[in-house]
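What follows is the residue order along each chain.
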Amino acid sequence: MNLHEYQAKELLKKYNVPVQEGYACNTPHEAEEAYRQIKTQYGSNFAVLKAQIHAGGRGKGKVKETGINGVKVAKSGEEVTEFSQKLLGGTLVTIQTGEEGKVINKILVAQDMYYDGPSERKEFYLSILLDRSLGQNVIMYSTEGGMDIEEVAHNTPDKIFKEWVHPAGGLEPFQARKIAFNFGLSGDAFKNCVRFVTNLYKAYQGLECSMLEINPLFKTADNKMVAVDCKMGLDENALMRHPDLSAMRDLSEEDPTEVEAAKYNLNFVKLDGNVGCMVNGAGLAMATMDMIKLSGGEPANFLDVGGTANAQTVEAGFKIILKDPNVKAILINIFGGIVRCDRVAQGVIDAYKNLGNIHIPIIVRLQGTNAEEAKKLIDESGLKVQSAILLSEAADLVKKAVA
């Protein structure tokens, strides 16, 4: 589960991780008030306005309607009003959103970090995630933080450092010092960086994150280390232990069909193909998608109805698949182990009748417990549903449907 920048920063503050302070705003009026608060607190006429969407590349992204970047520095209250009006309600397109972009419903009005001081300012990159190949957490970091970190990783990979942390032992003090040393820091900046990395790793573990990225990690002119931007992903399997974090979910940032599928406990992922598939079991679903491709089609989705498929879940699956205008056929592939095939077949028939006339071919392949009875039910239903027993038979029917 992804969080917005302002949400992630509020959580980091609970672990004593210094962050760029700011206020989340829904309207230009709220942005103006936030600017007045920042000006009073920090004595600066500058403020940063950031679009809050679940995607990176906001600084280089453009709002379709106004052409404004997703991150803007305002030098006055008038500019805060102007920029907030051009951001809120607009559609921001970045390298991560695709051409369709994402609607900006909220912006973060934050303090300016580029104030003067006795030493130079510097931007770093730091992230923590799980290295599944080693079964350890890895801290990735670079001295070249900022908007061009992707180019740094591609063109100069030697500037990307990695520090692996065994989950049982946790981050050792020498590892935090090593990171600060590789950043080239000394004095107060070195000490503050060690403290920052240590507390950030505690936040990563305590919040049970799947990914935590700070870019930039900013060394201010007075040697403080501050998270200016933050991307945080939470492990959805751990949310049962964190109801307060579950409440932070922004459903408007997620695919509506995936949200609807979750209401029925369906595991659904939208794809770009032309054959909708409904299967019980993740492994069978993957095999079914391969079979669709081998038959000349392209899977339009991954949909696992689980081991308790019934008329309600089948009907919900139909509705979700049929919302995709690219779907030319639907393949239902069920192995009757926990659930009987005849029960699934009856569910298909009932769902078909409830939904009315469906204008695309439906292929049902049922194998396992009561498969013969299920085929008989489908064949005698009078509906435009094609049944198959063998996977090869279903493949042939799919091939004809998308030809």
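Attention in this report is confined to the structure presented alongside it. Treat the numbers as computed from the prediction; the structure is a model and nothing was measured.

1. Details of unusual backbone geometry
Piece 1. Cis peptide bonds are those with omega within 30 degrees of zero, and the linkage from Asn215 to Pro216 qualifies with 10°.
Piece 2. Mapped onto the secondary structure, Pro216 falls in strand E12 (residues 209-219).
Piece 3. In this structure, Asn16 is a non-glycine residue whose phi angle is positive, near 60°.
Piece 4. Positionally, Asn16 belongs in the loop between helix H1 (5-13) and strand E2 (22-25).
Piece 5. Residue class for Asn16 comes out exposed when judged on its relative accessible area of 60%.
Piece 6. In this model, Glu208 sits at a positive phi of 55°, which is unusual for a non-glycine residue.
Piece 7. Mapped onto the elements, Glu208 comes out in the loop between helix H6 (187-206) and E12.

2. Here's the deal with the state of the cysteines
Piece 1. Counted under the stated rule, the structure contains zero disulfides.
Piece 2. With no disulfide of its own, Cys341 has Cys277 as its nearest cysteine by sulfur position, at a separation of 17 Å.
Piece 3. Judged by its relative accessible area of 0%, Cys341 is buried.

3. Here's the deal with the sheet that holds strand E7 (residues 102-103)
Piece 1. Strand order in the open sheet formed by three strands is E4-E6-E7, with antiparallel pairing between adjacent strands. Lying at the two open borders of the sheet, with one neighbouring strand each, are strand E4 (62-63) and E7.
Piece 2. Of the pairings in the sheet, the one linking E4 to strand E6 (residues 91-93) comprises two bridges and is antiparallel in character. Across the sheet, the residue bridging to Lys62 is Val93, located in E6.

4. Things to note about the pattern of salt bridges
Piece 1. One pass over the structure, following the stated rule, counts 21 salt bridges.
Piece 2. Glu5 is the partner of Lys50 in a salt bridge, and the nearest nitrogen-oxygen pair spans 2.9 Å. One end of the pair, Lys50, is in strand E3 (residues 47-51); the other, Glu5, is in helix H1, with 45 residues separating them in the sequence. Accessibility classification places Lys50 together with Glu5 in one group, the buried group.
Piece 3. Here Asp324 and Lys270 are joined by a salt bridge, their closest N and O atoms 3.7 Å apart. Here Lys270 lies in strand E15 (residues 267-270) and Asp324 lies in the loop between helix H10 (311-322) and strand E18 (329-336), a separation of 54 residues in the sequence.
Piece 4. Judged by relative accessible area, Lys270 falls into the partly exposed class, the value being 36%.
Piece 5. Linked by salt bridges that have partners in common, Glu5, Lys9, Lys50, Arg58, Glu213, Asp229 and Lys231 make up one network.

5. What to know about helix H3 (residues 77-87)
Piece 1. For H3, the complete set of buried residues consists of Val80, Thr81, Phe83, Ser84 and Leu87.
Piece 2. Lining the buried residues of H3 we find helix H2 (28-42), E3, E4, strand E5 (71-74) and strand E8 (107-111).
Piece 3. Phi turns positive, to about 85°, at Gly89, one or two residues after H3.

6. Brief notes about the sheet that holds E3
Pairing between sheet strands relies on hydrogen bonds along the backbone, with the strands arranged either parallel or antiparallel.
Piece 1. The strand order across the open sheet built from four strands is E2-E8-E3-E5, with neighbouring strands paired in antiparallel fashion. Strand pairing shows two members of the sheet lacking a second neighbour, E2 and E5, which therefore form its edges. Strand-to-strand twist of the sheet, defined as the mean angle between neighbouring strand axes without regard to direction, takes the value 20°.

7. What about the packing of aromatic side chains?
Piece 1. Using the criterion set out here, one finds four aromatic pairs in the structure.
Piece 2. Their ring planes at 20° and their centres at 5.3 Å tell us that Tyr141 and Phe161 sit as a pair that is stacked. Of this pair, Tyr141 sits in strand E10 (residues 136-142) while Phe161 is found in strand E11 (residues 160-165), placing the two residues 20 residues apart along the sequence.
Piece 3. A residue is classified by how much of its surface remains accessible, and Phe161, at 28% relative accessible area, is partly exposed.
Piece 4. Taken together, the ring pairs connect Phe124, Tyr141, Phe161 and Phe183 into an aromatic cluster.

8. Focus: the nonpolar core
Piece 1. Counting residues in each nonpolar core, the largest one holds 41 residues, and the members touching the most others are Leu12, Ile139 and Met232.
Piece 2. Looking at this core, the elements that each hand over two or more residues are H1, strand E9 (122-131), E10, helix H5 (173-182), H6, E12, strand E13 (225-227) and strand E14 (230-234).
Piece 3. With nine residues, the top contributor of residues to this core is H6.
Piece 4. Residues contacting Met232, with those up to four places away along its chain left out, are Met1, Asn2, Leu3, Ala8, Leu11, Leu12, Leu207, Cys209, Met211 and Leu212.
Piece 5. In terms of nonpolar packing, the next biggest core, distinct from the first, is built from 34 residues, Ala261, Val344, Ala345 and Ile349 among them.

9. What to know about the environment of Lys270
Piece 1. Separated by 214 residues in the primary sequence, Lys270 and Gly56 have C-alpha atoms spaced 21 Å apart.
Piece 2. Contacts of Lys270, omitting those with residues within four sequence positions, involve Asp255, Thr257, Glu258, Ala300, Asn301 and Asp324.

10. As for the packing of H2 against H3
Piece 1. Remark: H2 packs on H3, axes separated minimally by 9 Å, with the N-to-C direction vectors making an angle of 145°. Crossing geometry of H2 relative to H3 is assigned as right-handed. Listed contacts from H3 to Pro28, Ala31, Glu32 and Tyr35 of H2 are Gly77, Val80, Thr81, Ser84 and Gln85.
Piece 2. A breakdown of the residues in the contact of H2 with H3 according to their chemical character gives four nonpolar, four polar and one charged.

11. Here's the deal with H6
Piece 1. For H6, which comprises 20 residues, the first-to-last C-alpha distance of 29 Å matches the rise-based estimate of 28 Å (1.5 Å per residue) to within 8%.
Piece 2. Buried within H6 we find Ala189, Cys193, Val194, Phe196, Val197, Asn199, Leu200, Tyr201, Ala203 and Tyr204.
Piece 3. Remark: Glu208 follows H6 within two positions and exhibits a positive phi of approximately 55°.

What counts, and where the lines are drawn
- Residues numbered from 1 in each chain as written.
- Predicted model: local features only at pLDDT ≥ 70, side-chain atom pairs only at ≥ 80, totals over all residues.
- Heavy atoms only, no water.
- Helix = DSSP H or I, 4+ residues; strand = E, 2+ residues; numbered from the N terminus.
- Buried < 20%, exposed > 50% of the residue type's maximum accessible area, 1.4 Å probe, protein only.
- Disulfide = S-S within 2.5 Å.
- Pairing = 2+ DSSP bridges.
- Salt bridge = Lys/Arg side-chain N within 4 Å of Asp/Glu carboxyl O.
- Contact = heavy atoms within 4.5 Å.
- Axes fitted to C-alpha atoms, helices over the stretch in contact; angles between N-to-C directions.
- Phe/Tyr/Trp six-rings, centres within 6.5 Å; stacked < 30°, edge-to-face > 60°.
- Core = buried A, V, L, I, M, F, W, Y, C linked by side-chain atoms within 4.5 Å.
- Left-handed = near helix turned anticlockwise from the far one by under 90°.
- Nonpolar A, V, L, I, M, F, W, Y, C, P; charged D, E, K, R; others polar.
- Expected span 1.5 Å × (residues − 1).

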